[in-house]
Amino acid sequence: MRKLKDYNPGNCPVVYSLNKIGNRWKLLVIHYIKQGHNRYSTLQKVIPDISRQTLTNQLRELEADGILERKVFPQIPPKVEYQLTELGFSLQPIINEMSKWGLRHVRPDSDMPKG
């Protein structure tokens, strides 16, 4: 369970948004699922610095917040895929603007990946 899930003094919309997507991993998870990396193992490959536990927690929180949908296929071994919900897709303009901003301001010699 998230420690600060309900922290929102003054019912601020910015704080609300940050509570849902405001950490370094959630936006990456949303971004890569949108690009088609919708299985746990492929997300681990495209986000190599995230631990298994953190990825699991982020996926659970995004699902609980209605941003992702988890689809389990009835087969052996079980197959699970994640997809964006309508709410998740509504974040795309924000992520696109963040990408544009980052492209304008990231230093070419920075060790940050261009995602």
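Each value, and the rule that gives it
Residues numbered from 1 in each chain as written. Predicted model: local features only at pLDDT ≥ 70, side-chain atom pairs only at ≥ 80, totals over all residues. Heavy atoms only, no water. Helix = DSSP H or I, 4+ residues; strand = E, 2+ residues; numbered from the N terminus. Buried < 20%, exposed > 50% of the residue type's maximum accessible area, 1.4 Å probe, protein only. Contact = heavy atoms within 4.5 Å. Areas by Shrake-Rupley, 256 points an atom, 1.4 Å probe, with all protein chains shown as cover. Phe/Tyr/Trp six-rings, centres within 6.5 Å; stacked < 30°, edge-to-face > 60°. Lys NZ or Arg CZ within 6 Å of the ring centre and 35° of its normal. Salt bridge = Lys/Arg side-chain N within 4 Å of Asp/Glu carboxyl O. Axes fitted to C-alpha atoms, helices over the stretch in contact; angles between N-to-C directions. Parallel < 35°, antiparallel > 145°, perpendicular 65-115°, else oblique. Nonpolar A, V, L, I, M, F, W, Y, C, P; charged D, E, K, R; others polar. Polar contact = N/O pair within 3.5 Å; in protein donor to acceptor, adjacent residues only side chain to side chain.

Asker: Can you explain the overall build of the protein? Please cite residues and give values.
Answerer: Check the secondary structure of the protein and you find six helices and two strands. Each helix and strand of the protein, placed in order from N terminus to C terminus, yields the pattern α-α-α-α-β-β-α-α. Looking at the protein as a whole, 30% of its 115 residues qualify as buried. Partitioning the contacts of the protein with sequence separation of at least 6, the portion at a separation of at least 24 is 43%. If you sum the accessible surface of the protein, you get close to 8400 Å²; carbon and sulfur atoms cover 55% of it.

Asker: Kindly report on the packing of aromatic side chains, identifying the contributing residues and their values.
Answerer: Here the structure, examined in full by the defined rule, presents zero aromatic pairs. Against the face of phenylalanine 73 rests lysine 79, its NZ or CZ located 4.8 Å from the ring centre.

Asker: Give a detailed account of the pattern of salt bridges, specifying residues and quantitative values.
Answerer: Side chains that differ in charge, positive against negative, can pair when their charged atoms come close. Evaluation of the coordinates by the stated rule reveals three salt bridges. The residue lysine 79 makes a salt bridge to glutamate 81 at a minimum N-O spacing of 3.5 Å. The class for glutamate 81 is buried, based on a relative accessible area of 19%. The partner of glutamate 97 in a salt bridge is lysine 100, and the shortest N-O contact between them spans 3.2 Å. Of the two residues, glutamate 97 and lysine 100 both sit in helix α6 (residues 92–105), three residues apart, roughly one turn of that helix. Given a relative accessible area of 47%, glutamate 97 falls into the partly exposed group.

Asker: Report on the packing of helix α1 (residues 13–21) against helix α2 (residues 26–34), specifying residues and quantitative values.
Answerer: The geometry of α1 relative to α2 is characterised by a closest axis approach of 8 Å and an angle of 65° between their N-to-C directions. With respect to α2, the element α1 is oriented roughly perpendicular. For the pair formed by α1 and α2, the contact residues are Asn19, Lys20 and Ile21 on the first element and Lys26, Leu27 and Ile30 on the second. Considering only residue class, the contact of α1 with α2 consists of three nonpolar, one polar and two charged.

Asker: Run through the side chain of glutamate 61, naming residues and quoting values.
Answerer: Within the secondary structure, glutamate 61 is located in helix α4 (residues 52–64). In terms of polar contacts, glutamate 61 uses its side chain to reach the side chain of lysine 26, at 2.7 Å.

Asker: Would you mind going over the packing of α2 against α4 in detail, with residue names and values included?
Answerer: Direction vectors running N to C along α2 and α4 enclose 75°, while the axes themselves pass 10 Å from each other. By the angle between their directions, the pair α2 and α4 is classed as roughly perpendicular. Between α2 and α4, the contacting residues are Lys26, Val29, Ile30 and Ile33 on the first element and Leu55, Gln58, Leu59, Glu61 and Leu62 on the second. The residue inventory of the contact of α2 with α4, partitioned by class, reads six nonpolar, one polar and two charged.

Asker: Give a description of the environment of leucine 59 that names residues and reports values.
Answerer: Residue position: leucine 59 is located in helix α4. Residue classification places leucine 59 among the buried positions, given a relative accessible area of 2%. C-alpha separation for the pair leucine 59 and lysine 26, spaced 33 residues apart in sequence, amounts to 8.0 Å.

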